[in-house]
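This is what each chain is made of:
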Amino acid sequence: MHHLIKDTEFEEILKVLFQIKGIHKKNISKLRNFIEAVCFILRAGCAWRLLPKEYGLSRSIHKRFKKWSDQNIWEALFKGVKKDPDMEYTMIDSTIVRAHACAAGYKKDSQKSEALGRSAGGFTTKIHALCDALGLPLKFILTPGQDSDITQAKLLTENIINMPLLADKGYDSDDFRTYLKNKNCSPVIPPKRNRLEQYEYDEFLYEDRNRIECFFGKTKHFRRVFARYEKQAKTFLSCLHFVGTLIWLR
C-alpha cells in the first residue's frame, strides 16, 4: 500500500504516541494503517464512508478518530512534535474556511459554541493561529467566521513574552499594544490609516509575516481543512492539530 506519511515521519509520530497512555500500540501495522487513513481523509476531504477499503472499515476508523479527539490525543501528538520552535519572534493571524451544510445541526442552537457563523463568505469558521519565526504552528483557536481577529489576540499570545510579535492591521488596538508592552513584547503591527497617532514599526521585520500566510496556504492543501465538514469544533480542531503535526514533520 502506498504510504502518505514517510517512514521517518511515522517514526517521530510513534515516539510521541508511545508516551501517551490509553492507546493500543501492540500492532504497529494496524496503528500506521489508522494514521494513514486519517491522513487520506484530511487530504482528500471525502466523506468517511468513501474511505478506500484497503484502510479497513470506515466506520471503525471514524469511531477511533473521534475517540482520540475526545481524549485529546491529536492535540498531544501536535504538542509532542513541536521540538525547538524558533522563538526569535512570533506571528498571529487568522483565516476563514467555508463550512459545508453537513457541519450544522450537531445540537439545537449550538452554532456559536461549535465555532460556526455567518460572515461575508457565507457559513464559515475562523481559524486563529500563532506561529513561530519559521511559520510553524504553535497554537490554534476556532471561532465563528464573523468574529473579529482582535478578540482572540490576547488568548493566542498569553504565553508569549520578551519577543517581537508580528501581526497585520486587524490587531492594531491601544489595548492590545499595551498588553504586549507589559509582557516586554514589541508589537510589529502597522497602524490603521484612521489613527490620530501613527505608530512606527519595523517594516523590514514585518515582511516576514508572509510566513504565517504561507502556513495557512499549506493547511488548505488538506481539503478537510479547506472546507469544514465536521459538526463539532473539537473534531475540526483535531483535524487542524494533525495537519499541524504533519507540517512540523516535513
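Because the structure is a prediction, the values reported are computed rather than measured.

Caption draft 1: Broad picture of the state of the cysteines. As enumerated under the stated definition, the model contains zero disulfides in all. Sulfur of Cys 46: no disulfide; nearest cysteine sulfur belongs to Cys 39 and is 12 Å away. Given a relative accessible area of 16%, Cys 46 falls into the buried group. Free cysteine: Cys 131, not disulfide-bonded; nearest cysteine sulfur from Cys 214 at 10 Å.

Caption draft 2: Up close: the pattern of salt bridges. Taken as a whole, this structure holds 16 salt bridges when the rule is applied. Here Lys 66 makes a salt bridge to Asp 70, at a shortest N to O gap of 3.2 Å. Here Asp 70 and Lys 66 lie together in helix α3 (residues 58-70), a separation of four residues that amounts to about one turn. Lys 66 gets classed as partly exposed once you look at its relative accessible area, which sits at 25%. Put simply, Arg 211 and Asp 208 hold a salt bridge, and the shortest N to O gap is 4.0 Å. Among the residues examined, Arg 211 registers a relative accessible area of 31% and is labelled partly exposed.

Caption draft 3: Layout of the pairing of strand β1 (residues 90-99). Burial analysis of β1 places eight of its 10 residues in the buried class, which makes it a mostly covered element. Examined bridge by bridge, β1 and strand β5 (residues 165-166) share two bridges and lie parallel to one another. Paired with Thr 90 across the strands is Leu 165, a residue of β5. Pairing geometry for β1 and strand β3 (residues 122-131), over eight bridges, is antiparallel. Considered in β3, the bridge of Ile 92 is made with Leu 130. Taken together, the two bridges between β1 and strand β7 (residues 227-228) define a ladder with parallel strand orientation. From the neighbouring strand, Ala 99 faces β7, where its bridge partner is Arg 228.

Calculation criteria
- Residues numbered from 1 in each chain as written.
- Predicted model: local features only at pLDDT ≥ 70, side-chain atom pairs only at ≥ 80, totals over all residues.
- Heavy atoms only, no water.
- Disulfide = S-S within 2.5 Å.
- Buried < 20%, exposed > 50% of the residue type's maximum accessible area, 1.4 Å probe, protein only.
- Salt bridge = Lys/Arg side-chain N within 4 Å of Asp/Glu carboxyl O.
- Helix = DSSP H or I, 4+ residues; strand = E, 2+ residues; numbered from the N terminus.
- Pairing = 2+ DSSP bridges.

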